[in-house]
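# Remarks on the overall topology
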Amino acid sequence: MKYLLEPALSVNPIHSDSITELYQDHHGWLHGWLRKKLGCSHQAADLAHDTFMRLLTREEPILIQEPRAFLTTVAQRVLANHWRRKQIEQAYFEMLVQHPEASVLSAEECAILLETLLEIDHLLNRLPLPVKRAFLYAQLDGMSHAEIAAELNISITTVKRYLIKAGAQCYFALVID
Amino acid sequence: MHLDNEADHHSENKAEAPGIQPAVTRNVADISPQIAQCAVEWLVELQAADHDEATYEAFQRWLAAHPDHKLAWQHIETVNTRFNGLTSPLGSAVAKAVLTPRRSLKRRQIIKTLVVILFAGSTGWWANEKIPWRAWTADERTHIGQRRNITLADGSRVVLNTDTAINIRFTANERRLQLVRGEILVTTNQDSTSITRPFIVETAQSELRPLGTRFTIHQQTTSNRLSVFEGAVEIRLRQDINYRHVVQAGEQVDFSNQGIHEIRPADDTSTAWSHGMIIASSMRLADFLAELDRYRPGKLNCDPAVADLRVSGTYPLTDPEDILDALQTTLPVKIQYFTRYWVTVRPAS
């Protein structure tokens, strides 16, 4: 069976109807697939829900010929985000424990800081570590190119190249959002 | 403004006049990637500490040359605001450590400090019916829902969780903390005196001697739960003076007077309370409510029919009632208040 998914923003009933069909035909299978990956039925249910939410909020129409292959691709992205989020949360709380000055933060401030970290991590996704470091030195500490070059033991030309690369990625990431 | 510049047809004021400039509805997504790239290059150029007046003027000319340039630049400024929350020294340090980790460095930092969490259960060992006054005469305490930070004489820090009492017994030979009731997080620096005095944390069943490490311990009514994150911790039992067990990093163990019952992987999110949060990752509702119960007066009960539902999320502990409300919207449960102090979580239908 083929499914034509129209953009979410259009008021075309075909869209939600075919999502409904896709859901009815494959939700159980997707839930099982995610459960195998996660080892937990409840988390699998949450992520299966997230996967269908992604489809509901997408803007381009898509014609799906292989629904399970397609769902797997979307679910893999949801799953990767899930693991990365857990990893960041863990590193974040380890850091808070190591920084005694962090105990002055209120619970809300801690939560906002974590959300900001997750957002920045998403923006810098897949950039090499030295590129991320150079960019954070410039953005967060206001370090000059020469200072960053000295800190990372690279040339000023390389610093500029890194900053442009990271800056461009952030620029386009937020256009797509 | 350079009036001799032909591109000034598109300058700011004119662009905002309705009807003249169709570009008012132009979206960032419509801007060519080349212009976007130029805007990013300008950002990097202007961030260089050594840029001169001529660079700045050239940038101004570029900005004025086409409305898309301005739009691209506005977008860059939007991007930059995303980083505002992290520009404090703490935010910056945390962001760099979390997003660009350097494993070896981090390990060295941890070895310098010791972090201990101890939990004495709702009925602490000295705070039993026979000697309830102990908790009230302890050196430091918190009430239900409170959290406190204390700096000790040697610079070590202790965070007291809800309903907690401790005694601090520092002598010439040792640095000893007695957990009378509740839960603590201890961060020690190395002893500043010329001889290094051992750091000892005392509970009902045991004495814990950390071996340059970071760990948590949680005391239930008759047992303790110890999680070690870095280094190792030695357990000594009161009732068996020959007993020694060293728990390694990454392990969580339950132990009682008889020794260790169970070993499983350690979960770092159990220290979240020290920042005023509960972090649940697919936690049983019954366990979650038992945890939440510690932060509010009265009794929070869980109907067995919903005990095995799972809870995930990061919950601020500032108002436990808000967390209960949130549960009601995310799970098929309803919160039944007999009184403010007797609350039961039941199935929704």
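Residues numbered from 1 in each chain as written. Chains lettered and ligands numbered in written order. Predicted model: local features only at pLDDT ≥ 70, side-chain atom pairs only at ≥ 80, totals over all residues. Heavy atoms only, no water.

If you check an unreviewed UniProt entry, chain A appears there as Probable sigma-70 factor, ECF subfamily from Nitrosomonas europaea. Regarding chain A, the UniProt comment filed under Sequence similarities (unreviewed entry) reads as follows: "Belongs to the sigma-70 factor family. ECF subfamily." (UniProt positions renumbered as here; feature names shortened; annotations may be inferred.)

### A closer look at the overall build of chain B
Within chain B, the regular secondary structure consists of 9 helices and 18 strands. Within chain B, the fraction of its 349 residues that count as buried is 49%. Sequence separation of at least 24 residues holds for 53% of the intrachain contacts in chain B that already meet a minimum separation of 6. (Helix = DSSP H or I, 4+ residues; strand = E, 2+ residues; numbered from the N terminus. Buried < 20%, exposed > 50% of the residue type's maximum accessible area, 1.4 Å probe, protein only. Contact = heavy atoms within 4.5 Å.)

### What to know about the packing of aromatic side chains
Centre-to-centre distance and the angle between the planes together describe a pair of aromatic rings. Residue and element names in this part refer to chain B. The full count for this structure, using the stated rule, is 10 aromatic pairs over all chains. Taking the centre distance of 6.4 Å and the plane angle of 85° together, the rings of Phe 170 and Phe 199 count as edge-to-face. Here Phe 170, found in strand β5 (residues 165-170), pairs with Phe 199, found in strand β8 (residues 199-202); they are 29 residues apart in sequence, far enough to count as distant. Under the relative-accessibility criterion, Phe 199 is labelled buried at 6%. An aromatic cluster is defined as three or more aromatic residues linked by ring pairs; in this entry it consists of Trp 42, Tyr 56, Phe 59, Trp 62 and Trp 73. (Phe/Tyr/Trp six-rings, centres within 6.5 Å; stacked < 30°, edge-to-face > 60°.)

### Details of the nonpolar core
With 63 residues, the main nonpolar core has Tyr92(A), Leu117(A), Trp73(B), Phe83(B) and Val98(B) as its most contacted residues. No other element matches helix α7 (residues 156-176) of chain A, which puts 10 residues into this core. In contact with Leu117(A), other than residues within four places in its own chain, are Ile88(A), Tyr92(A), Leu86(B), Val94(B), Ala95(B), Val98(B) and Leu99(B). Membership of the second largest hydrophobic core comes to 23 residues, among which are Phe288(B), Val306(B), Ile323(B) and Leu324(B). (Core = buried A, V, L, I, M, F, W, Y, C linked by side-chain atoms within 4.5 Å.)

### Things to note about unusual backbone geometry
Phi at Asn153(A) takes a positive value of approximately 60°, unusual for a residue other than glycine. The residue Asp163(B) is not glycine, and still its phi comes out positive at about 50°. Tracing the backbone shows Asp163(B) in the loop between β4 (157-160) and β5.

### Focus on the interface of chain A and chain B
Counting residues at the interface gives 55 residues for chain A and 58 residues for chain B. Together, the buried faces of chain A and chain B total about 5,400 Å²; carbon and sulfur atoms form 69% of this surface. Sorting the residues of chain A by area buried against chain B places Val97(A), Leu140(A) and Tyr171(A) first, and these three jointly supply 14% of that buried surface. Put simply, chain A and chain B have 3 salt bridges between them. The residue Lys96(B) makes a salt bridge to Asp141(A) at a minimum N-O spacing of 2.3 Å. Counting the contacts that link chain A with chain B gives 7 residue pairs in polar contact (both at pLDDT 80 or more). The set of elements that each furnish at least two residues to the side of chain A that touches chain B consists of α2 (41-56), α3 (67-98), α4 (107-123), α5 (129-141), α6 (145-152) and α7 of chain A. Broken down by element, the side of chain A that touches chain B gets its largest block of residues, 12 residues, from α3(A). (Buried area = accessible area lost by both parts, 1.4 Å probe. Salt bridge = Lys/Arg side-chain N within 4 Å of Asp/Glu carboxyl O. Polar contact = N/O pair within 3.5 Å; in protein donor to acceptor, adjacent residues only side chain to side chain.)

### Here we look at the pattern of salt bridges
Residues and elements named next belong to chain B. Overall, the coordinates contain 22 salt bridges over all chains when judged by the stated rule. Of the charged contacts, one joins Glu 140 and Arg 148 as a salt bridge, the two residues approaching to 2.9 Å between their closest N and O atoms. When the shortest N-O distance is used, the salt bridge between Arg 284 and Asp 287 registers 3.3 Å. Its relative accessible area of 38% is what places Asp 287 among the partly exposed residues.

### Describing the pairing of strand β17 (residues 333-339) of chain B
Residues and elements named next belong to chain B. As paired strands, β17 and strand β18 (residues 342-347) are joined by 6 bridges and run antiparallel to one another. What sits directly across from Val 333, in β18, is Pro 347. In sequence, β17 turns back onto β18 through a hairpin of 2 residues. (Pairing = 2+ DSSP bridges.)

### Brief notes about the pairing of β4(B)
Residue and element names in this part refer to chain B. When strand β3 (residues 148-151) meets β4, the two strands line up antiparallel, connected through 4 bridges. Bridged to Arg 148 within β4 is Leu 160. Remark: 5 residues form the turn of the hairpin made by β3 and β4, two consecutive strands paired antiparallel; Gly 155 in that turn has positive phi of roughly 90°.

### Some points on empty space enclosed by the protein
Over the atoms a probe the size of a water molecule is rolled, and this reveals where empty space is left. Summed over all chains, the structure comprises 1 cavity of 30 Å³ or more. Computed from the structure, the largest cavity encloses a volume of approximately 50 Å³. For the largest cavity, the full set of lining residues is Phe135(A), Gln139(A), Gly167(A), Tyr171(A), Leu43(B), Ile76(B), Val79(B) and Asn80(B). For the lining of the largest cavity, the secondary structure elements donating two or more residues are α5 and α7 of chain A together with α4 (67-81) of chain B. Among the elements that line the lining of the largest cavity, the one with the most residues is α4(B), at 3 residues. (1 Å grid on protein atoms, 1.4 Å probe; cavity = no way out; pocket = protein on both sides within 12 Å on 5 of 7 lines; lining within 4 Å. Points joined across faces, edges and corners; volume = space filled by probe spheres on them.)

### A word on α6(A)
Residues and elements named next belong to chain A. Within the sequence span of α6, burial applies to His 145, Ile 148, Ala 149 and Leu 152. Down the axis of α6, the sector holding all buried residues measures 100°, keeping them to one side. A positive phi of about 60° marks Asn 153, the residue just after α6. (Arc of directions from axis to C-beta.)

### Thoughts on the confidence of the model for chain B
Residue and element names in this part refer to chain B. On average, residues of chain B carry a pLDDT of 75, and 74% of them reach 70 or more. By mean pLDDT, helix α6 (residues 103-112) is the weakest element of chain B at 38, and helix α8 (residues 285-293) is the strongest at 92. Contacts of residues 1-23 to residues separated by more than four positions or lying in other chains number 19 contacts, the stretch itself having pLDDT below 50. Low pLDDT, under 50, characterises residues 104-134; the predicted model gives this stretch 91 contacts beyond four residues in sequence or across chains. Reported confidence for the predicted complex is 0.71 by ipTM and 0.46 by pTM. (pLDDT = per-residue confidence, 0-100.)

### Focus: the sheet that holds β17(B)
Residue and element names in this part refer to chain B. Pairing is mixed in the open sheet, where 3 strands are placed in the order β15-β18-β17. Of all the strands in the sheet, just β15 (299-302) and β17 have a single pairing partner and so form its edges. Looking at each pair of strands side by side, their axes are set apart by 20° on average, direction ignored. As paired elements, β15 and β18 share 4 bridges and run parallel to each other. Residue pairing across strands places Cys 302 opposite Val 345, the latter belonging to β18. Contacts from α8 reach β15, β17 and β18, with the element oriented near 180° to β15. Sheet strands in contact with helix α9 (residues 320-330) are β15, β17 and β18, and its direction is about 140° off that of β17. (Axes fitted to C-alpha atoms, helices over the stretch in contact; angles between N-to-C directions.)

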